[in-house]
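Chain by chain, the residues:
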Amino acid sequence: MPTKHVVKQYRAPAFYHVYNRASGERKLFVDSEDREYFLTLIQEHMSSCESAEKGREYPKYDVEIVAYCLMGTHFHLLLYQEMDEQAMQGYMKSVSTRYSMYYNKKYRSKGHVFQSQYRASWIYNEAYLAHITRYIHLNPQKYETYRWSSYRDYVGSGDNDWVRNDLAGEMRPEQYRQFVAEYAEKNIRKVASELAGLLSNW
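The structure displayed is predicted, hence computed values, not measured ones. (Residues numbered from 1 in each chain as written. Predicted model: local features only at pLDDT ≥ 70, side-chain atom pairs only at ≥ 80, totals over all residues. Heavy atoms only, no water.)

Compared with the 18 Å implied by 1.5 Å per residue over 13 residues, the 18 Å span of helix 1 (residues 32-44) between its first and last C-alpha is a close match. Every buried residue belonging to helix 1 is among D34, R35, F38, L39, L41, I42 and E44, and all of these are buried. (Helix = DSSP H or I, 4+ residues; strand = E, 2+ residues; numbered from the N terminus. Expected span 1.5 Å × (residues − 1). Buried < 20%, exposed > 50% of the residue type's maximum accessible area, 1.4 Å probe, protein only.)

Here it is as structure tokens:
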């Protein structure tokens, strides 16, 4: 996955590709329940979404989800923060902490669930923004029918109104479908290398 321009200081407005994986050799998402819970968390901590659990209030952050993909051992998020430079840090800390508590309780485990602190790459040009959504959506081999990504929201068959794919560009659904299909036969590592090249040549 692209690692260039991983940052520790953040800015706003800005887009960030955020990713993390499970510690050790275990899976981060073992079953559909795990994935559903993680999706619930990423919505609950957004200021634009209501909490799923009535009567419970959780910290809210001015962060938008532009794209996502949940794989077995790791996840990818494309986030946008408009005004608060610290919003994404608080958001990811809240989501990661709650998921770790859930995971350790469910699987009766202890210690770190995630391999390390999440990594975030600053997406600072429009060309890279479009390509990173494609990279995220191509993680699963059968990306067109994969349930746990925002690809369907981009091609007009999804129903996640909290996915802000409108922030990623103005491609129509069929244009985006072709845009992703152009890279579908390429190895995901090669796609990552080309994405890194976009950054270095900017």
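V18, F75 and Y91 are the most contacted members of the largest nonpolar core, which has 61 residues in total. No other element matches the eight residues that helix 2 (residues 87-106) contributes to this core. (Core = buried A, V, L, I, M, F, W, Y, C linked by side-chain atoms within 4.5 Å.)

A few words now on the side chain of N139. Along the polypeptide, N139 turns up in the loop between helix 3 (126-137) and helix 4 (151-154). Classification of N139 as buried rests on a relative accessible area of 18%. A polar contact of 3.4 Å, which involves the side chain of N139, links it to the side chain of H74. There is a polar contact of 3.2 Å between the side chain of N139 and the side chain of H76. (Polar contact = N/O pair within 3.5 Å; in protein donor to acceptor, adjacent residues only side chain to side chain.)

Okay, the packing of aromatic side chains next. Each aromatic ring pair is described using two quantities: the centre-to-centre distance and the angle formed by the ring planes. Within this structure, the stated rule accounts for 18 aromatic pairs. Where W122 meets Y124, the ring centres are 4.9 Å apart and the plane angle is 40°; that geometry is what we call tilted. You can call W122 partly exposed: its relative accessible area is 23%. Above the plane of the ring of W122 lies R11, whose end atom (NZ or CZ) is 3.9 Å from the centre. (Phe/Tyr/Trp six-rings, centres within 6.5 Å; stacked < 30°, edge-to-face > 60°. Lys NZ or Arg CZ within 6 Å of the ring centre and 35° of its normal.)

Turning our attention to the sheet that holds strand 4 (residues 119-123). Read across the open sheet, the four strands follow the order 2-3-1-4; overall the sheet is antiparallel. For this open sheet the edge positions go to strand 2 (63-70) and strand 4, each flanked by a neighbour on one side alone. Pairwise comparison of adjacent strand axes, ignoring direction, gives a mean angle of 20° for this sheet. Strand contacts of helix 2: strand 1 (14-21), strand 2, strand 3 (74-81) and strand 4, with the helix running at about 150° to strand 3, the strand carrying the most contacts. (Pairing = 2+ DSSP bridges. Axes fitted to C-alpha atoms, helices over the stretch in contact; angles between N-to-C directions. Contact = heavy atoms within 4.5 Å.)

Attention now goes to the environment of V18. As for its position among the elements, V18 is in strand 1. Remark: the alpha-carbon pair of V18 and A120, spanning 102 residues in sequence, is separated by 4.4 Å. Leave out the neighbours within four places in its chain, and V18 touches F75, H76, L77, L79, M88, M92, Y118, R119 and A120.

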